[in-house]
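# A look at the structure
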Amino acid sequence: MENTTTGRIIDGKAIAEQVLEEVKMAVDMRRRDGLSQPGLAVIRVGDDPASAVYVRNKRRRTEEVGMRSISHDLPTDTDEATLLALIDELNNNPTVHGILVQLPLPPQINAEEVIERIAPKKDVDGFHPYNVGRLVLKMPTLRSCTPFGCMRLLKETNEELIGKHAVIIGQSNIVGRPMALELLMARCTITVCHSKTYDLPGLIGQADIVVAGMGRPRFVQGGWIKSGAIVIDVGINRLDNGTLCGDVDFEAARQRASWITPVPGGVGPMTIAMLLTNTLEAARWQER
Ligand code: NAP
C-alpha cells in the first residue's frame, strides 16, 4: 500500500490478487487431498456487451485458480422456463458447486424467480433470500461479493472498525443493503442513505467510514468528508471520454481521508476474487 501525506490508497487490485492466490492454494490443496475440483457454472442470457466482458473475466479467473469453469450462453429470446430448467439441472449436478446467472436478464425473465431457484448452497453471488437472511441474523453463509470484498479491503487497512460510524450511500440489494449488514455485523453504527435522504453532505460529514454505491460520477465532494475518514468507493461510472470514475471526487476526498479506494483498481477487482472465495466455500458447504 502506498504511503503519502494525504489519504493512503487501498490497492484493491493487489489485494484481489492476494485473495485469488489464497483461493488457488486452497484449490491445489483440495486436489492433493483427493477432494473435488470446485466447479463454477456461469450463465449468460443475451448479448449485452458489458455482461459479455464480465462473464469472460469471471470464466478466465475461475480457470486461473484451478477451478472448473462451466459456460452456458443462451440466446436473448430464452424463456424463463428454459432458464429455470437449466438451473434445476445444475443444482442436481454434483460437479457444479457454484451457479451464477449474469444480470441483467432480458425482460421476459423474472430475476427474483431465477435467484430463488438457485440452491442456496450453490448461490455464489450471495443473492438468495436464504443467504441474505443468514447475513441479517449474523450467521453469514455465502455473502454478497461486492460488500464482502469491501469488508476485506477494510480489513487490510488494519483499522479498528468497532464503534465507527459508517455512512452508506445507496440501498440496493447488491450493494447498499448487504454492505450495511456487513458493517453492522462488524459492530459499526450505520446510517443508510438513498435518493430521498435529507442533508447527505451533513450525514457524510459525520462518517468515520463512507461507502459510496450510488452510480453518480464524482457526486460525493471532497469537502463533505470528515478528516481521517475511510472512503470506499463502489461506484463504476463511464464518462463520455471513455474513462471510468467512481461516485467520489477522488482527488479532493483524498486530501481529507485516511484511506481511500481508487476507481478503477479499488472495489472492482475484489468482486471476482470474492466470487471465487464463495465458490470454494460453496464446495466446502456441500461436503459438510
Ligand atoms: P442502483 O441499484 O441503481 O442503486 C443506487 C442507489 O443509490 C439507490 O439506493 C439510490 O437511491 C441511491 N442514490 C441514487 N442517487 C442518489 C443521490 N443523489 N443521493 C443519495 N442516494 C442516491 O445501483 P447499484 O447496482 O447498487 O450500483 C451502484 C454503483 O455501484 C454503480 O455505479 C455500479 O456500477 C457500482 N457497482 C460496482 C460493483 C463493483 O464490483 N465494484 C458491483 C456492483 C455495483 P434510491 O434507492 O432512493 O433510488
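Procedures and definitions
- Residues numbered from 1 in each chain as written.
- Predicted model: local features only at pLDDT ≥ 70, side-chain atom pairs only at ≥ 80, totals over all residues.
- Heavy atoms only, no water.
- Near = heavy atom within 4 Å.
- Areas by Shrake-Rupley, 256 points an atom, 1.4 Å probe, with all protein chains shown as cover.
- Nonpolar A, V, L, I, M, F, W, Y, C, P; charged D, E, K, R; others polar.
- Helix = DSSP H or I, 4+ residues; strand = E, 2+ residues; numbered from the N terminus.
- Expected span 1.5 Å × (residues − 1).
- Buried < 20%, exposed > 50% of the residue type's maximum accessible area, 1.4 Å probe, protein only.
- Contact = heavy atoms within 4.5 Å.
- Lys, Arg positive; Asp, Glu negative; His and termini not counted.
- Salt bridge = Lys/Arg side-chain N within 4 Å of Asp/Glu carboxyl O.
- Polar contact = N/O pair within 3.5 Å; in protein donor to acceptor, adjacent residues only side chain to side chain.
- Pairing = 2+ DSSP bridges.
- Axes fitted to C-alpha atoms, helices over the stretch in contact; angles between N-to-C directions.
- Phe/Tyr/Trp six-rings, centres within 6.5 Å; stacked < 30°, edge-to-face > 60°.

## Points about the site of the ligand
Lining the immediate environment of the ligand, one finds 22 residues, of which Q171, S172, S195, I236 and T271 sit closest. Taken by itself the ligand offers 930 Å² of open surface, and the protein chains cover 71% of this. Here the shell around the ligand is built from residues that sort into 9 nonpolar, 12 polar and 1 charged.

## Topic: helix α6 (residues 145-156)
With 12 residues, α6 extends 17 Å from end C-alpha to end C-alpha; this agrees with the ideal 16 Å at 1.5 Å per step. Of all 12 residues in α6, 10 are buried, a share of seventy percent or more. Buried within α6 are the following residues: C145, T146, P147, F148, G149, C150, M151, R152, L153 and L154. Those residues of α6 hidden inside the fold are in contact with α1 (12-32), α7 (176-185), β7 (209-212), β8 (230-233) and α10 (268-287). In the segment just after α6, N158 is the residue with positive phi, at about 65°.

## Looking at the side chain of D233
Mapping D233 onto the fold places it in strand β8. One buried charged residue, D233, remains without a salt bridge, the closest side chain of opposite sign being R218 at 8.0 Å. In terms of polar contacts, D233 uses its side chain to reach the backbone amide nitrogen of V248, at 3.0 Å. Look past the residues within four positions of D233 in its chain and what remains in contact with it is A212, G246, D247, V248, T261, V263 and V267.

## So, the sheet that holds strand β3 (residues 68-74)
On the basis of which strands lie adjacent, the open sheet formed by 3 strands has the order β3-β2-β4 and parallel pairing. With one partner strand each, in any of the chains shown, β3 and β4 (98-101) form the two edges of the open sheet. Each strand of the sheet is rotated relative to its neighbour by a mean of 15°, with strand direction disregarded. Pairing between strand β2 (residues 39-45) and β3: 7 bridges, direction parallel. Along β3, the bridge assignment pairs G39 with R68. With respect to the sheet, helix α2 (residues 49-64) is in contact with β2, β3 and β4, its orientation differing from that of β3 by roughly 160°. The sheet strands contacting helix α3 (residues 80-91) are β2, β3 and β4, and the helix crosses β2 at an angle near 175°.

## Points about the packing of aromatic side chains
This structure, assessed with the given rule, holds 2 aromatic pairs. A ring pair is formed by F219 and W224, whose centres lie 6.0 Å apart and whose planes are at 75°; its orientation type is edge-to-face. Given a relative accessible area of 21%, W224 falls into the partly exposed group.

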